[in-house]
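# Fold and geometry: a report
Residues per chain, in single letters:
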Amino acid sequence: MKKNSNSSIQSVVATGIGAAIIFVLMKFVAIPTGIPNTQVNVAEGFLPLLAAIYGPIVAGVAVFIGHALNDFVTYGSPWWTWVVVDGLVGVAFGFFKNRLDIQNGSLTKAKLIWFNIYQVIVNLIGWVLLAPTGDILIYHEPANKVYLQGVTTWLVNSVSVAIIGTILLVLYARTRTKRGSLKKED
């Protein structure tokens, strides 16, 4: 029972720290794209690392909280359709945790390629289909505006994850000992 308790505490702490990092990155390290309310988000590049280490719940909740806080501070209230989609993207990235197996230091080029194909598809579904459609249905936003924002966000988030996320995953994996690499001395 003690192991589960430590794991729960670790997950809560990781969620809080992850949310804070995501908030800071969204607020202070976002690069404008020229499309209103759309920027290159370095926080999205951090999300795969959080998801690969802690899984879907921590990643999803952390990005949900971080994004909601950023919207509240920046715009006065969260834009819920995009906050929820970001949370879902975090959950989806977390579902790839076991396949990446980053904790055991066995991150290969093939795993990174598959993850990047997966993340582009996840970002496509989230930012081109779900978020803009939610904006139209809930906020009655003009379709051409929100789909332009969605396509832009899909592209820049996919690139952010492919570059920053891949670098962070590789660097973290290098700090881990590969399973079976240690041998007992006689």
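Data block above holds the structure.
First, a word on scope: everything that follows refers to the structure included in this document. Bear in mind the structure is a predicted one, so any value in this text is a computation, not a measurement.

### A look at the overall build of the protein chain
Helix and strand counts for the protein chain stand at 7 helices and 2 strands. In sequence order, the secondary structure elements of the protein chain are arranged as α-β-β-α-α-α-α-α-α. Compactness check: the protein chain gives a C-alpha radius of gyration of 17 Å against a globular reference of 16 Å for 186 residues, within 12% of the reference. Expressed as a percentage of the 186 residues in the protein chain, the buried residues total 42%. Within the protein chain, counting contacts between residues at least 6 apart in sequence, those at least 24 apart form 72% of the total. The protein chain carries 14 positive and 8 negative side-chain charges, and their two centres are separated by 11 Å.

### Concerning the nonpolar core
In terms of nonpolar packing, the biggest core is built from 36 residues, with Ile-22, Leu-47, Val-89, Phe-93, Leu-100, Phe-115 and Leu-169 touching the most fellow members. Secondary-structure elements contributing two or more residues to this core are α1 (2-28), α2 (42-54), α3 (56-75), α4 (80-94), α6 (109-139) and α7 (143-174). In contact with Val-89, other than residues within four places in its own chain, are Glu-44, Leu-47, Val-122, Asn-123 and Trp-127.

### What about the packing of aromatic side chains?
The tally for this structure, following the rule as stated, stands at 6 aromatic pairs. Here Trp-79 and Tyr-139 contribute two aromatic rings whose centre-to-centre distance is 4.0 Å and whose plane-to-plane angle is 25°, an arrangement assigned as stacked. A residue pair is termed long-range when its members are at least 10 positions apart, and Trp-79 in the loop between α3 and α4 and Tyr-139 in helix α6 qualify at 60 residues. The class for Trp-79 is partly exposed, based on a relative accessible area of 31%. Classification of Tyr-139 as partly exposed rests on a relative accessible area of 26%. By way of ring pairs, the aromatic residues Phe-93, Phe-96, Phe-115 and Tyr-118 are connected into one cluster. The ring of Trp-114 has Arg-99 lying over it, and the distance from NZ or CZ to the ring centre is 5.8 Å.

### With respect to the side chain of Asn-70
Its location among the elements puts Asn-70 in helix α3. Residue contacts for Asn-70: discarding those within four places in its chain leaves Phe-23, Met-26, Lys-27 and Tyr-75.

### Re the layout of surface pockets
Its volume calculated, the largest pocket comes out at about 480 Å³. Asn-37, Gln-39, His-67, Asp-71 and Tyr-75 are the residues nearest the centre of the largest pocket, which is lined by 25 residues in total. Those elements giving two or more residues to the lining of the largest pocket turn out to be α1, β2 (39-41), α3, α4, α6 and α7. In the lining of the largest pocket, the residues fall into 7 nonpolar, 11 polar and 7 charged.

### Here we look at unusual backbone geometry
The backbone of Asp-101 sits at a positive phi, close to 50°, despite the residue not being glycine. If you trace the backbone, Asp-101 turns up in the loop between α5 (97-100) and α6.

### Describing the packing of α2 against α7
Their axes nearest at 7 Å, the elements α2 and α7 cross at an angle of 45°. The angle between the axes of α2 and α7 places the two elements in the oblique class. Taken as a pair, α2 and α7 cross one another with a handedness that is right-handed. Judged by residue contacts, Val-42, Glu-44, Gly-45, Phe-46, Pro-48, Leu-49, Ala-52 and Ile-53 of α2 engage Asn-157, Ser-160, Val-161, Ile-164, Gly-165, Leu-168, Leu-169 and Tyr-172 from α7. Classifying every residue of the contact of α2 with α7 gives 11 nonpolar, 4 polar and 1 charged.

Parameters at a glance
Residues numbered from 1 in each chain as written. Predicted model: local features only at pLDDT ≥ 70, side-chain atom pairs only at ≥ 80, totals over all residues. Heavy atoms only, no water. Helix = DSSP H or I, 4+ residues; strand = E, 2+ residues; numbered from the N terminus. Rg over C-alpha atoms; globule rule 2.2 N^0.38 Å. Buried < 20%, exposed > 50% of the residue type's maximum accessible area, 1.4 Å probe, protein only. Contact = heavy atoms within 4.5 Å. Lys, Arg positive; Asp, Glu negative; His and termini not counted. Charge placed at Lys NZ, Arg CZ, Asp CG, Glu CD. Core = buried A, V, L, I, M, F, W, Y, C linked by side-chain atoms within 4.5 Å. Phe/Tyr/Trp six-rings, centres within 6.5 Å; stacked < 30°, edge-to-face > 60°. Lys NZ or Arg CZ within 6 Å of the ring centre and 35° of its normal. 1 Å grid on protein atoms, 1.4 Å probe; cavity = no way out; pocket = protein on both sides within 12 Å on 5 of 7 lines; lining within 4 Å. Points joined across faces, edges and corners; volume = space filled by probe spheres on them. Nonpolar A, V, L, I, M, F, W, Y, C, P; charged D, E, K, R; others polar. Axes fitted to C-alpha atoms, helices over the stretch in contact; angles between N-to-C directions. Parallel < 35°, antiparallel > 145°, perpendicular 65-115°, else oblique. Left-handed = near helix turned anticlockwise from the far one by under 90°.

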